[in-house]
Structure formats: structure tokens, C-alpha cells
Amino acid sequence: MAGSGVETGTALKGLDAESRQMVIDTVRQLRERLLTKEIISEFDKKEIFPEETIRKMLGPEIGLQLLFIPEAYGGMGGGALDCCAVTREMSRICLGIATAFFAIQLGSDPLVVGGTEEQKSKWLGAIAEGKALVAYAVTEPNAGSNVAALTTKADSVRNEAGEITGYQINGTKQFISTGAYADFITLLAKTPEGPTFFVVEKEAKGFDHGKDEEKHGIRASSTSPLSFTDVFVPAQNLIGGIPGKGLAQSNKVFGYTRLMVGAMALGASDAAMEIVISYAKERIQFGSPLSEKQGYTHKLIVPNMVRLEAATAYIEEIAKRLDAGEQDLQIEGSIAKLFATESANKTADDAMQALGGYGYINEFEVEKIKRDVKITCIYEGTSEIQQNIISTFRWKKTRKTKGEYYNSIALEMETLNRTLKDAGCRFYQLAANALNEIITLAHENRLTRKQYIMFALADMITHLEIGVSLARKASKLTEAQSAEAEKITLMSKIFSNEASQLMMQNVPKILMGSGVFDEKKISDFIKAISYYQLLGSFHHLIGDMDRVADIIFER
Ligand SMILES: Cc1cc2nc3c(=O)[nH]c(=O)nc-3n(C[C@H](O)[C@H](O)[C@H](O)COP(=O)(O)OP(=O)(O)OC[C@H]3O[C@@H](n4cnc5c(N)ncnc54)[C@H](O)[C@@H]3O)c2cc1C
């Protein structure tokens, strides 16, 4: 499947729109009592992990964790679309709180995908009942991005008959969210069969935690090192009952968990943009509101709003595909995370700038959001790790499908361009064709061994696939005669220029920067991919941005 979305009428896992909205409204209400602006600011300033508040969010009155627990174990059985929407809403309030909440979900994932029935009913049941804070303990001092380098080990303990009765765990974990407070953790440790997840309960003898790290942002979350000295866990705590399945279990959920981190980043940047947009309407400088100054809006606001919409379209599309039962969407998870988190980080930075001096003052919140959002580019796999994954696997896919993967996207965009003239589909089509060619060129000339070239490919791939989702969304909204159609269509066109600019920059980076092609080869290649036609994406760009600014600022 080239990624053309989910057929209308496909049964999707998860809540109906009304129930999803009810959960979102429950999160919004937290602002009135448990998570007011003042309370959040206090958590941030004093670096307080609000254990009691989080436990209340899991308690019988609120029960937010029920969203991600399958119905069979007492939850609501929400899907990826539901979880992304709700987590995004929570991240609008505070990314630190959302991180603590996400840690519970992340910690429960090895059980959801790999646990035995007994394990699921015991531990997922405990989470559903609101009795458990959970942590996910994978990272170690010398095993961060490279999880396979982990040294925490689990040695089997046998009885007199030689049967395995349990495991003895020794080692250290680092940077574990909620690790110091969790009632149980899911821990990845080495066994002779390979990395394996175990449940370790808080009371286990020899399991200890160090002091909380002092952090740049998400200061309402707790991050600490954990140590394990001859910690005994019974054999029933080995997730799935068979050792060596840990990496497969964690890989299985990356499509989903990385999508969630993308949604969290978007929530934080939504909050920043909301503050800035209302400020810019009121703030008068040189006799008129900032929102009427074209340089201000087209530098600091419009491009960010376009990227946030593009990321939203992509995350929604992939979430629906997950909810329709597609399994192997890890690369899509990487694309979503890379683009949404980097865009959110840039948005928060521009939002600070857009508030002038107030942006630098703690009371105006954007300064906190800027500090918070950076972590989304780091945890659950850094941006560079996502670039590695995206370029490697899309290169392989391009080869395996003999170019059909991007050909079909190009064809889809060509077809869409006939009915949806102004969404930039023509440029997505050109970019998809060019991508096919440049990946093939890199492959044939062994340039795929150069990581910097692979990163350049990853960025082009990401922009194209994200932009195509936005064009699809524009088409659906136009068909449905939605009030949003004009805005999303314009944004798709503006984003097609951003994707084209990246192609125009990265293709020469590879062609000329690699130093392996002569002038004739370079000029033939430039011609073959219709490079100069990408320039057409600049047509009427400023007018389109003016119109988007009109819509954003209700001018
Ligand atoms: C606040 C916070 C909360 C966290 N919560 C958790 C948690 O709950 N559970 C958990 O298990 N972990 C958690 N982590 C750990 C987090 O996932 C890791 O920090 C992250 O994956 C990066 O690992 P590292 O810090 O060891 O950096 P490294 O892997 O050492 O990376 C350092 C730099 O090198 C780059 N790099 C690494 N490898 C390559 C490569 N092959 N090619 C090019 N560049 C490369 C990275 O992108 C990065 O820029 C948390 C971290 C923080 C800061």
C-alpha cells in the first residue's frame, strides 16, 4: 500500500466521535481544577512531580488511562486516533504531565503486544483500576539510541529439578520517566536468548532509584536512574513467557508510540500558537496590530501553522490505518515523529520571538513550552535515529518495489491534480518522481553508505509523504464541502513549495556535494527530474500566505 489512506467504510478500532469528544472534554476540564495555569507553573518552577494529581487522573472519577486499556481488561479500548487526540489535548495543558501519563501507556505496551492472558489481566487490570503508575525502563548509561548495547542482565534461577523459577536481574537504567514512583515497571534486560521484557514491581528487593534529574523542561515529570542488584522476579514476570522477544515487542509498537510523541509535540505547539495568535491581534506597534504586519505573519506564524496542519493530516491518516488493522507502520511512525517534533520545536521558538520580550518571561507560558517541547525531538528515538530509519527503509522499499512505491504516489497526485487544482499536487507528483530517481542514483553509486546523504534523503522523503497526506485531506474536505477546505487546500499548496524547496536544495547537495558525478551527469539528471519545474511552486506563494493569514487572524 502506497499510503493512500483508509477506504471509507472500513471498520476502525476505537471510540466513536462522540465518546472521543467526551474524553477530550474531560481533559479540558482538568484546567479548571487539578491543572490550572497557576498549579502548572508551580510544578514547573519547583520541579514537582505531582504524584497525587496523576493518581487522581487515574482514579474512579476521571480514569483517563481507561482510554488505552483494551476492553477485555476493563478499559475503553481506544484506538490510535483516540489516543493521539486525547494526548494532544493533555499536552496543550502541560507536556510534563502528558509525559507522565504517556509513561504509563508506554510501560503497558510490552504487555499489550506480548503479554500472556494471565499477565494482561493482572497488570493491565491493575492499570485499568487506577492502582498503578507504570514506567518503561529501556535506556541505560551506555545504551541509548543503540538499545542492543544494553548490559542489564537477567540470569535464570532454577529449582532442584532444573526448572526455571525466576530471574535475577542486575544492572542500571537511566532517564526513566516516573521510574522512582512507578508501582511496577516493564524492564528490558539481556538473556542468553536476547533482550527480554520483565515486569519488576516496586517492592522487589534490590530495586532502587537514584535522585530525580534536574531538567531543562517537562519539569512536572520525574526522570531518574534505576538500579537493580540481584533483584529476583518470578518466571511469571517474563512478558510473554518466552525469552528473547523484547526487541520485536518494542519494535511492534513504534508505529504507534512515535505517532503519539508526534501528537504530544503538536499539542504543546498548539498551545504556543494559540497564545501568540491572540496576542498578535491585540499588540499594537507602529500604529497597527502585529497580526497585520506581513513580515511578522509570514515569517513567524503562517509557515508554522502550515507545518502543524501538515503533521496533523499525516498523524490522523496513519492513526486511521493503525486502527484499520495495518501492522507494519514503524517507518510512518518515524516520519510522523521526526516531522511533528521538529516542526513543534521550531514553532515554539518562533512563538517566543513573536511575543518579543514577553516571550522570554516565564509568566507568558511560551517560554515554558519552548523548554518542554525540545524533549520530543530526543526521547522515543532521536530525530537523527528517525532519519536513519526513514532513509534506510524507504531506500529498501524503493528497490524492492522497483520504484513502484513512489510511482504510485506520483500517479495519485497527478490524478488528484485534475480535480484539485490549487493544492500543489503537481509539485508533489514531480517530487515523488524526483525522489525515485535520486534514491536510485544514490543506490547505484553506493552513496547510501554516506550517512549525511541518507539524512538528506530522509528529509525529502518526510516532506513529500507529509505533504501528500495534506493534499489528500484537502481533497476529502473539498469533496465534503467543508468550511475548512479552503484553508487546508491553500496550506497544501504552500507546503508543496516547502517540499519543492527542500528538493531543490537537497538534490544538488547529493549530486554535487558527493563529488562523484561529472558536469554532464549532473545536468542530465537535473533535466531528467524536471528540476526547474519545481520552481513553479513559488507561483502566487505570497498571495496564498496572505489569504491563510486572513483566515488565521480572522481578518
Ligand atoms: C526527560 C527524559 C525522559 C526519558 N524517558 C525515558 C523512559 O521513560 N524510558 C526510557 O527507556 N528512556 C527514556 N529516556 C531516554 C531517551 O529515550 C534517550 O535519551 C534517547 O533515546 C537518546 O539516547 P542517549 O541519551 O543515550 O543519546 P545517544 O544515543 O548517545 O545520542 C547522542 C546524540 O548522537 C546521535 N546519534 C546516536 N546514534 C547515532 C547514529 N547512529 N547516527 C547519527 N547520530 C547518532 C543522537 O541523535 C544524539 O543527537 C528519557 C530521556 C529523557 C531526557
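In this text the structure is predicted, and so the values were computed from the model without any measurement.

**Student:** What is the right way to read the site of the ligand from this model?
**Tutor:** Looking at the ligand, there are 20 residues lining it, with Tyr136, Thr139, Ser145, Thr382 and Glu384 nearest. Within the backbone of Val138, one N or O atom sits 2.9 Å away from an oxygen atom of the ligand. Within the side chain of Ser177, a nitrogen or oxygen atom sits 2.8 Å from a nitrogen atom of the ligand. For the ligand, whose unbound accessible area comes to 980 Å², protein coverage reaches 67%. For the shell around the ligand, the two domains that each supply at least three residues are domain 2 (135–243) and domain 4 (383–552).

**Student:** Would you explain the packing of helix α13 (residues 425–444) against helix α15 (residues 485–511) in this entry?
**Tutor:** When two helices pack together, you describe them by how their axes are tilted relative to each other and by the distance separating the axes. Direction vectors running N to C along α13 and α15 enclose 20°, while the axes themselves pass 10 Å from each other. For the element pair α13 / α15, the angle class is roughly parallel. Crossing angle aside, the handedness with which α13 passes α15 is left-handed. Taking contact as the criterion, the partners of Phe427, Tyr428, Ala431, Ala434, Leu435, Ile438 and Leu441 in α13 are, on α15, Ser492, Phe495, Ser496, Ala499, Ser500, Met503, Val507, Ile510 and Leu511. A per-class count over the contact of α13 with α15 returns 13 nonpolar, three polar and no charged.

**Student:** Can you walk me through the pattern of salt bridges in this structure?
**Tutor:** When their charged atoms lie close together, side chains carrying opposite charge are able to pair. Per the stated rule, a full pass over the model turns up 35 salt bridges. Here Glu365 makes a salt bridge to Lys37, at a shortest N to O gap of 3.4 Å. Taken together, the positions of Glu365 in the loop between α9 (330–354) and α10 (366–373) and Lys37 in helix α2 (residues 37–46) put the pair 328 residues apart, joining distant regions of the chain. Under the relative-accessibility criterion, Glu365 is labelled partly exposed at 31%. Across the pair Glu486 and Arg547 runs a salt bridge, and its minimum N-O distance is 2.7 Å. One end of the pair, Glu486, is in helix α15; the other, Arg547, is in helix α17 (residues 541–552), with 61 residues separating them in the sequence. Under the relative-accessibility criterion, Glu486 is labelled partly exposed at 39%. A single network of salt bridges, built from pairs that share partners, joins Asp44, Glu47, Arg219, Glu367 and Arg371.

**Student:** How should I be thinking about helix α7 (residues 246–282) in this particular structure?
**Tutor:** Residues separated by three or four positions in an α-helix point in the same direction, a consequence of the helix having 3.6 residues per turn. Here α7 spans 53 Å end to end across 37 residues, near enough to the 54 Å set by a 1.5 Å rise per residue. Judged by how many residues are buried, α7 sits mostly within the fold: 28 of 37 residues are covered.

**Student:** Just to check I follow, could you spell out the domain arrangement of the protein chain for this structure?
**Tutor:** In many analyses, interface size is given as the accessible surface area lost on bringing the parts together. Looking at the assigned domains, one finds that the protein chain contains domain 1 (17–133), domain 2 (135–243), domain 3 (248–377) and domain 4 (383–552). For domain 2 and domain 4, the distance between their C-alpha centroids amounts to 42 Å.

**Student:** Sorry if this is basic, but what is going on with a nonpolar patch on the surface here?
**Tutor:** On the surface, a cluster of nonpolar side chains totalling about 320 Å² of accessible area is made up of Tyr532, Leu535 and Phe538. The residue Leu535 is located in the loop between α16 (519–528) and α17 in this model. The exposure class of Leu535 is partly exposed, given its relative accessible area of 43%.

**Student:** Help me understand unusual backbone geometry, please; the structure alone is not making it clear to me.
**Tutor:** Negative phi values dominate among residues other than glycine, just as trans dominates among peptide bonds. One non-glycine residue, Phe286, lies in the positive phi region at around 50°. One can find Phe286 in the loop between β8 (284–285) and β9 (288–289). Despite not being glycine, Glu380 shows a phi value in the positive range, around 60°. Tracing the backbone through its elements, the reader meets Glu380 in the loop between α10 and α11 (383–400).

**Student:** Where do I start with the packing of aromatic side chains in this structure?
**Tutor:** Evaluation of the coordinates by the stated rule reveals eleven aromatic pairs. Of the aromatic side chains, those joined through ring pairs into one cluster are Tyr279, Tyr358 and Phe364. Seen from the ring of Phe254, Arg258 lies directly overhead, with NZ or CZ sitting 3.7 Å from the centre. Against the face of Phe393 rests Lys396, its NZ or CZ located 5.3 Å from the ring centre.

**Student:** I would appreciate a short explanation of the packing of α9 against helix α14 (residues 451–479) in the present structure.
**Tutor:** Remark: α9 packs on α14, axes separated minimally by 10 Å, with the N-to-C direction vectors making an angle of 95°. With respect to α14, the axis of α9 lies roughly perpendicular. Residues Ile335, Leu338 and Phe339 of α9 touch α14, and the partners they reach there are Asp459, Ile461, Thr462, His463, Glu465 and Ile466. When grouped by side-chain class, the residues that make up the contact of α9 with α14 number five nonpolar, two polar and two charged.

**Student:** Help me understand the pairing of strand β5 (residues 194–201) in this model?
**Tutor:** When you tally the buried positions in β5, you get seven out of eight residues, the bulk of the element. Pairing of strand β4 (residues 184–191) with β5, which is carried by eight bridges, proceeds in the antiparallel orientation. Its bridge partner lying in β5, Ala189 is registered against Thr196. Between β4 and β5, which follow one another and run antiparallel, lie two residues.

**Student:** Please clarify how the state of the cysteines should be interpreted in this entry.
**Tutor:** In this structure the tally under the stated criterion is zero disulfides. Free cysteine Cys83: the closest other cysteine sulfur is in Cys84, separated by 7.2 Å. For Cys83, a relative accessible area of 0% gives the class buried. Sulfur of Cys377: no disulfide; nearest cysteine sulfur belongs to Cys84 and is 17 Å away.

Calculation rules
Residues numbered from 1 in each chain as written. Predicted model: local features only at pLDDT ≥ 70, side-chain atom pairs only at ≥ 80, totals over all residues. Heavy atoms only, no water. Near = heavy atom within 4 Å. Polar contact = N/O pair within 3.5 Å; in protein donor to acceptor, adjacent residues only side chain to side chain. Areas by Shrake-Rupley, 256 points an atom, 1.4 Å probe, with all protein chains shown as cover. Domains from an automatic or database assignment. Axes fitted to C-alpha atoms, helices over the stretch in contact; angles between N-to-C directions. Helix = DSSP H or I, 4+ residues; strand = E, 2+ residues; numbered from the N terminus. Parallel < 35°, antiparallel > 145°, perpendicular 65-115°, else oblique. Left-handed = near helix turned anticlockwise from the far one by under 90°. Contact = heavy atoms within 4.5 Å. Nonpolar A, V, L, I, M, F, W, Y, C, P; charged D, E, K, R; others polar. Salt bridge = Lys/Arg side-chain N within 4 Å of Asp/Glu carboxyl O. Buried < 20%, exposed > 50% of the residue type's maximum accessible area, 1.4 Å probe, protein only. Expected span 1.5 Å × (residues − 1). Patch = residues over 30% accessible without salt bridge, like charges linked within 9 Å, V, L, I, M, F, W, Y side chains within 5 Å. Phe/Tyr/Trp six-rings, centres within 6.5 Å; stacked < 30°, edge-to-face > 60°. Lys NZ or Arg CZ within 6 Å of the ring centre and 35° of its normal. Pairing = 2+ DSSP bridges. Disulfide = S-S within 2.5 Å.

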